[in-house]
Amino acid sequence: MVGRMKKRRFLKFITFLVVLCCIFVCSIYVIGYLYEPINLNSANSYYIYDNNDNVVFMGSNNHEWVNLNEIDDEFLEYIINVEDQYFYYHKGFDILRIIKSLISNIKAGKIVAGASSISQQYVKNLYLSFEQTWERKLEEAFLTVRLETHYSKDEILEGYLNTIYFGNGIYGIKDASLYYFNKDINDISTEEAIILAGIPKSPNNYNPINNWESCLKRAKIVSKLLYDNNVITKDVYNSLDFNNLSIYGEYKSNNLNTLMYYQDAVLEELYDIGTIPDDLIKSGGLRIYTNLDIDTQTKMEESIKKHTLDDDTQIASIVVEPGTGKILALAGGRDYAISQYNRVTQSKRQVGSTIKPFLYYAALNNGMTTASQFKSESTTFVFAEDKKYTPTNYADTYANKNISMNAALAYSDNIYAVKTHLFLGEDVLVDTLKLAGLKENVSANPSLALGATEINLKDYAEAYATLASGGENNDLYLINRVEDINGNVLYIKKDDGRQVLDQSITYILNESLTNTYNYNYVDYNSPTVLYLNGKMSRKYALKSGTTDNDYWISGYNSDVLMLVWAGNDNNKEVTKQYSKIIKDIWLDTVEYYEKDKEDTWYKLPDNVVAVPMNSISGKYDINSNSLYYFIKGTELPYINNK
């Protein structure tokens, strides 16, 4: 009797829980219905404009939206079976699938299966980040309820297919079909349809351009699933042939392989602005006006394609307007379709001898002159506790005599650089880099003078832009203005320029950097960028840099700054040809940018004088063709002791 009563109580309790859950679930759907419908028209709707206010990127907002009744039923079956088999039978959540995935994940001890429905994926695309938090999951669930209570299944499926991401900056099934196969969605083959159906699970891994092997494995999994679900017949399954497909990989409206690096950097900066609510960013509907110079971006990409070798070596480059900090062009790699890793904004590399201009600014700012001498010879530096440091010059070439700062800069003499660095004190270069705008924390040590420190390229470009602007530091930026879809201004970039370096000393340094391609310095050694002499239409300050795994070139005048890097992500050795290749890329791009502009150089400050000096020794020589620049008065000891 007692046992029966306990059983009845238990059944009543279970019944109560079930009823309570039903009431709760029904209440959620009622509340979802009472809320206004979520906006389906803003999915990924970022309108990105270049510096001439021309649209260069529209997310899913393009003219290739396709109605559901225009998509072949066969493909619809494929995508539904792959992404959400019971889409038309549930109310936003496939409960059975969720339970199965929970069991699989518990057994595996990690996430091995997901259970997001098409509706859940759609609201994620519309409004949410992809962070795995309970708050985000609850928000996703409620938005899914609102979606399901206000829209039909066909409307949801149509919106999903037109906004889902297919990798390489491509949103929507129609654009994906055009991009990957150069075909309308209804003209693709069964194999092509299967590939497209498999991409959304991991767009950057499963598309046929980025990783064909992974794409093929995914296609075979999808094929088996479709066969097991009786979507394709045994004959069709056995006759599938993925090996003879023609992959197109071009987008007809704008086919720059590097443009997505700029666009990704824009979206990163959008979140960093801080004054635009994250919810508004996530929901889209924004017009983003940038500094992108599409002609310069195009020329830079053409030059990268023209000069680089058929190997895995990567190229990263950035073009900046020094006086404002505007980022005009940016390439985070050779081809976004192959690698989405943005080496301008995300990586850090050793910068080699390109750090020396900052060292010599520090020297000039601390009493040295461009004629100051140190002996260039094989040297071992001994420190406390008998610690030793033995830097070498490239190819073990030394003057074995005193040379001037100008000569050391022209030849990129490592011995002179380390002697200068230790003479000043190791903290002085660190402080100078920070003063110039470098945000990276670098350590004070003897090898810092030779660039043995890893710095982010974009961060480094800001410090270089300070030299190029005559000592004025400006935060580098891509976004000028942001508006909502109705034209209300949400953000305008304010001028933040501040003079941080001495203008006269910066002028002297920039003049010295023209000697890196000056024939007057051909002696026991040759200037490091002599290769570009005679190829430039005007005067530039240039500095190259080399490490065991990296090649750098930085060059600028008051109009434009460009840095180019070449290397391998895995630090594999780079062929020496890239020393010349990056110089060609720099030359092509910068000369193109400057072609219609006035030929200008920095104005000689009133307190700076030019004196003819011997190129190598820095001794006064009235007959020399080499000019050394001094703060007035500091040249007198050299003239008086000729």
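Residues numbered from 1 in each chain as written. Predicted model: local features only at pLDDT ≥ 70, side-chain atom pairs only at ≥ 80, totals over all residues. Heavy atoms only, no water.

### Topic: the overall build of the protein
Okay, step 1: Check the secondary structure of the protein and you find 22 helices and 20 strands.
Okay, step 2: Each of the 642 residues in the protein was classed as buried or not, and the buried ones make up 54%.
Okay, step 3: For the protein, the computed accessible surface area is about 29,700 Å², with 50% contributed by carbon and sulfur atoms. (Helix = DSSP H or I, 4+ residues; strand = E, 2+ residues; numbered from the N terminus. Buried < 20%, exposed > 50% of the residue type's maximum accessible area, 1.4 Å probe, protein only. Areas by Shrake-Rupley, 256 points an atom, 1.4 Å probe, with all protein chains shown as cover.)

### Notes on the sheet that holds strand β3 (residues 286-290)
Hydrogen bonds between backbone atoms are what pair the strands of a sheet, whose relative direction is either parallel or antiparallel.
Okay, step 1: Pairing is mixed across the open sheet formed by 5 strands, whose spatial order is β2-β1-β3-β13-β14. Each edge of the open sheet carries a strand with a single partner, namely β2 (55-57) and β14 (489-492). With direction set aside, neighbouring strand axes in the sheet form an average angle of 25°.
Okay, step 2: Here strand β1 (residues 46-49) pairs with β2 via 2 bridges, running antiparallel. (Pairing = 2+ DSSP bridges. Axes fitted to C-alpha atoms, helices over the stretch in contact; angles between N-to-C directions.)

### Points about the pairing of strand β19 (residues 608-612)
Okay, step 1: Of all 5 residues making up β19, 4 are buried, and the element is well covered by its neighbours.
Okay, step 2: By the bridge criterion, 5 bridges tie β19 to strand β20 (residues 627-631) in an arrangement that is antiparallel. Bridge assignment links A610 to a residue of β20, and that residue is Y629.

### A few points about the sheet that holds strand β16 (residues 541-546)
Okay, step 1: Reading across the sheet, the 5 strands line up as β5-β4-β18-β17-β16 and stay open at both edges, with antiparallel pairing between neighbours. Strands at the two margins of the open sheet, each flanked by one partner only, are β5 (326-331) and β16. Strand-to-strand twist in this sheet, taken as the mean axis angle between neighbours without regard to direction, amounts to 10°.
Okay, step 2: Pairing of strand β17 (residues 550-556) with strand β18 (residues 561-567), which is carried by 7 bridges, proceeds in the antiparallel orientation. Among the inter-strand pairings, S554 is bridged to a residue of β18, identified as L563.
Okay, step 3: Taken strand by strand, helix α14 (residues 294-307) contacts β4 (314-321), β5 and β18, and its axis lies near 30° from that of β5.
Okay, step 4: Packed onto the sheet, helix α19 (residues 457-468) meets β4, β5, β16, β17 and β18 and runs at close to 145° relative to β18. (Contact = heavy atoms within 4.5 Å.)

### Details of the layout of surface pockets
Where empty space is left in the structure can be found by rolling a water-sized probe over the atoms.
Okay, step 1: A volume near 1,300 Å³ is recorded for the second largest pocket.
Okay, step 2: Taken together, 46 residues form the lining of the second largest pocket, with S353, Y394, G545, T546 and T547 sitting closest to its centre.
Okay, step 3: A per-element tally of the lining of the second largest pocket places β16 first, with 4 residues.
Okay, step 4: Residues of the lining of the second largest pocket, tallied by class, amount to 14 nonpolar, 21 polar and 11 charged. (1 Å grid on protein atoms, 1.4 Å probe; cavity = no way out; pocket = protein on both sides within 12 Å on 5 of 7 lines; lining within 4 Å. Points joined across faces, edges and corners; volume = space filled by probe spheres on them. Nonpolar A, V, L, I, M, F, W, Y, C, P; charged D, E, K, R; others polar.)

### Here we look at helix α20 (residues 503-512)
Structural remark: α-helix, 3.6 residues per turn; residues separated by three or four positions point the same way.
Okay, step 1: Counting buried residues along α20, 9 of its 10 residues qualify, which places the element largely inside the surrounding structure.
Okay, step 2: Looking at α20, one finds that the buried residues are S504, I505, T506, Y507, I508, L509, N510, E511 and S512.
Okay, step 3: Looking at where α20 begins, the residue whose side-chain oxygen comes 2.9 Å from the main-chain nitrogen of S504 is D502. (Polar contact = N/O pair within 3.5 Å; in protein donor to acceptor, adjacent residues only side chain to side chain.)

### A short note on a nonpolar patch on the surface
Okay, step 1: A cluster of nonpolar side chains, contributed by Y86, Y88 and Y89, occupies part of the molecular surface with about 400 Å² of accessible area.
Okay, step 2: Its place among the elements puts Y86 in the loop between α2 (73-83) and α3 (95-108).
Okay, step 3: When its relative accessible area of 42% is taken as the criterion, Y86 is described as partly exposed. (Patch = residues over 30% accessible without salt bridge, like charges linked within 9 Å, V, L, I, M, F, W, Y side chains within 5 Å. Salt bridge = Lys/Arg side-chain N within 4 Å of Asp/Glu carboxyl O.)

### A word on helix α21 (residues 577-594)
Okay, step 1: The first and last C-alpha atoms of α21 sit 26 Å apart over 18 residues, in line with the 26 Å expected at 1.5 Å per residue.
Okay, step 2: α21 sits mainly inside the fold: 13 of its 18 residues count as buried. (Expected span 1.5 Å × (residues − 1).)

### Side note on the environment of D584
Okay, step 1: One can find D584 in helix α21.
Okay, step 2: Residues D584 and Y531, 53 residues apart in the sequence, show an inter-C-alpha distance of 9.5 Å.
Okay, step 3: Sequence-distant contacts of D584, that is, excluding residues within four places in its chain, are made with S303, H307 and Y531.
Okay, step 4: Engagement of the side chain of D584 in a polar contact is seen with the side chain of Y531, the distance being 2.7 Å.

### Things to note about the packing of aromatic side chains
Okay, step 1: Counted under the stated rule, the structure contains 19 aromatic pairs.
Okay, step 2: When the ring of Y49 is compared with that of Y289, the centres are 4.3 Å apart and the planes differ by 10°; the resulting orientation is stacked. Separated by 240 residues along the polypeptide, Y49 in strand β1 and Y289 in strand β3 bring together distant segments of the chain.
Okay, step 3: The exposure class of Y49 is buried, given its relative accessible area of 8%. (Phe/Tyr/Trp six-rings, centres within 6.5 Å; stacked < 30°, edge-to-face > 60°.)

### Quick notes on the pattern of salt bridges
Okay, step 1: Inspection of every chain in the model, using the stated rule, returns 17 salt bridges.
Okay, step 2: With a shortest N-O distance of 3.3 Å, R498 and D475 are connected by a salt bridge. Placement of R498 in strand β15 (residues 498-499) and of D475 in the loop between β12 (472-473) and β13 (479-484) is noted, with a sequence separation of 23 residues between them.
Okay, step 3: Taking the relative accessible area as the measure of exposure, R498 reaches 35% and is therefore partly exposed.
Okay, step 4: Residue classification places D475 among the partly exposed residues on the basis of a relative accessible area of 27%.

### Describing unusual backbone geometry
Okay, step 1: Backbone geometry at D396 places phi at a positive 55°, although glycine is not the residue there.
Okay, step 2: The residue S412 is not glycine, and still its phi comes out positive at about 60°.
Okay, step 3: Here S412 lies in the loop between α16 (405-411) and α17 (414-424).
Okay, step 4: Given the relative accessible area of 11%, S412 is considered buried.

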